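An overview of the molecular structure
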Amino acid sequence: MSKTEELNLEDFMTGLIKRNPGETEFHQAVEEVAATVIPFINKNPIYIENQILERMTEPDRTIIFRVCWEDDSGKIRTNKGYRVQFNNSIGPYKGGLRFHHSVNLSILKFLGFEQTFKNSLTTLPMGAGKGGSDFNPKGKSDREIMRFCQSFMTELSKHIGPDIDVPAGDIGVGAREISFMFGQYKRLKNEFTGTLTGKALEFGGSLIRKEATGYGAVYFMEEMLQHRGDTIKGKSCLVSGSGNVAQFAAQKIMQLGGKVLTLSDSSGFIHDPEGLNDEKLNYLIELKTVRRGRISEYAEKYKCHFHEGKRPWAIKADLAFPCATQNELELQDAKDLIKGGIIAITEGANMPTTHEAITAIKKANLVFAPGKAANAGGVAVSGLEMTQNSIRLAWSREELEERLKNIMREIHQQCVNYGTEEKQVDYIKGANIAGFVKVANAMVAYGAV
Ligand code: NDP
């Protein structure tokens, strides 16, 4: 047999872009992984012989469907629905549903691809998927949301199941939407199984699930700092976003003695130099989850500054937690963070930092945690929700938080094992390779399937 030909990043990306034209977010996510994984693959030719990276970048299956629903005025509306079942080598497909006007195939493929590595890192048996719709929940009544969710689930239910594919929430999909979808699934299938996670406690949900992504990201930051003999205590923190991840990242930062200076939404950010406290956080949760208002209302209530249309990265602080959406931290933002003396950045959101920004951050030698490692706490507790549903038991808050903490510690350790170079940890490299190995070995074992 001739010597296996080594993979080359440029050639690999040229082929991938040709096969997936116009899917820029997907290209970006793959390139970030390929850049660190290809040198590892070249040292382990079995992965080349089995075409593992080529196969891992092609979803197992992509389902696209029409979602028709009736609005409050009786008008029929039509949206696109998607489920990208990316890879089930190590467990049932698992990943969130996103309802946002920007949703398209490129975004869902980037998220599904990232999920493959993230779920592998959690140490739990979960494959990867992602789905959603270009439906915009903003400004819709509860009844419109219900009708949309029921219509969406009527089609999706044909493709999911407790041992097949277990969706969860993401942007625009919280407890309300999961409840509507679970109700419809249960009705259509006439079975009560843990087919969605993020459910309410009354019908199979898990304690700590809503806190898990934000808490996990902060635990991960604490692990990285402790690895350098430091801690979150006493540090000032920039948080972007004000949704599920941002809210509970902020809460855990406060619990660990840090100070949260900023929060944001798609209209701008607030800067509260006094820092968040429990009362302000409760107000924020009510504002964003119950009233579905704007972040500027926080600034009006607590007499602090609202920066319209801006991001928080030019405020001077010690730590940064981008927790809103993809590509919300660009090159100029990274320069601002560096200038402001930031020590470490932890991605609570998926791919919030652009490629150019990461390059600048690396050059400045800052500590940087990629989302696939740092925000894996959410899917990890979703995995624990699946386990509780299967054994028909509910674990206590303390037990679940301890498990979450241990999983985040384990993910950190995997990053250290695979990412340490000359006593410094490259968390991107560590997370990518550690996530890759488990899935790749399973794929090699299965042969060409
Ligand atoms: P939410 O819908 O609860 O909150 C999203 C937040 O991001 C809102 O504050 C929203 O503002 C803001 N936002 C959305 N788009 C933009 C934009 N273009 N510019 C600025 N701000 C924006 O979502 P989550 O908190 O659940 O998710 C946040 C991120 O975390 C996403 O990247 C998601 O994929 C990731 N993630 C979430 C997990 C989870 O368990 N929920 C798990 C792992 C990752 P507005 O209200 O104005 O829309």
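This structure is a prediction, so every number in the text was calculated from the model and none was measured.

Our next topic: the pattern of salt bridges. By the definition in use, this model includes 27 salt bridges. The shortest N-O distance in the salt bridge between glutamate 114 and lysine 372 comes to 3.4 Å. Note that glutamate 114 is positioned in helix α5 (residues 105-121) and lysine 372 in helix α14 (residues 371-374), a separation of 258 residues in sequence. Exposure class is identical for glutamate 114 and lysine 372. Each is buried. Glutamate 211 is the salt-bridge partner of arginine 397, the closest N and O atoms lying 3.5 Å from each other. Residue arginine 397 is found in helix α16 (residues 397-419), and its partner glutamate 211 is found in helix α8 (residues 209-227); the two are separated by 186 residues along the sequence. On the basis of relative accessible area, glutamate 211 is assigned to the buried category, the value being 5%. Shared partners join several salt bridges into a network, and the residues in it are Glu32, Glu114 and Lys372.

Around the ligand, 25 residues are found, and the nearest of them are Lys138, Asp170, Thr213, Ser266 and Arg294. Take arginine 98: an N or O atom from its side chain is 2.9 Å from an oxygen atom of the ligand. Protein burial of the ligand: of its 890 Å² of free accessible surface, 82% is covered by the chains. When contributions to the shell around the ligand are tallied by element, the ones reaching two or more residues are α8, α9 (244-255) and β7 (259-265). The residue makeup of the shell around the ligand, split by class, is five nonpolar, twelve polar and eight charged. Both domain 1 (61-192) and domain 2 (210-365) contribute no fewer than three residues apiece to the shell around the ligand.

Let's shift gears to the sheet that holds strand β1 (residues 61-70). Ordered by their spatial adjacency, five strands build an open sheet running β1-β2-β4-β3-β5, and the pairing between neighbours is mixed. Looking at strand neighbours, the two that pair on one side only are β1 and β5 (165-168), the edges of this open sheet. Here the average twist between neighbouring strands, direction ignored, is 20°. Bridge count for strand β3 (residues 93-99) against β5 is four bridges, and the pairing is parallel. In the sheet register, lysine 94 faces β5, and the bridge partner there is valine 166. Helix-sheet contacts for helix α6 (residues 142-156) involve β1, β2 (76-87), β3, β4 (128-133) and β5, and the interaxial angle to β1 is about 145°.

Reading the values: rules and limits
- Residues numbered from 1 in each chain as written.
- Predicted model: local features only at pLDDT ≥ 70, side-chain atom pairs only at ≥ 80, totals over all residues.
- Heavy atoms only, no water.
- Salt bridge = Lys/Arg side-chain N within 4 Å of Asp/Glu carboxyl O.
- Helix = DSSP H or I, 4+ residues; strand = E, 2+ residues; numbered from the N terminus.
- Buried < 20%, exposed > 50% of the residue type's maximum accessible area, 1.4 Å probe, protein only.
- Near = heavy atom within 4 Å.
- Polar contact = N/O pair within 3.5 Å; in protein donor to acceptor, adjacent residues only side chain to side chain.
- Areas by Shrake-Rupley, 256 points an atom, 1.4 Å probe, with all protein chains shown as cover.
- Nonpolar A, V, L, I, M, F, W, Y, C, P; charged D, E, K, R; others polar.
- Domains from an automatic or database assignment.
- Pairing = 2+ DSSP bridges.
- Axes fitted to C-alpha atoms, helices over the stretch in contact; angles between N-to-C directions.
- Contact = heavy atoms within 4.5 Å.

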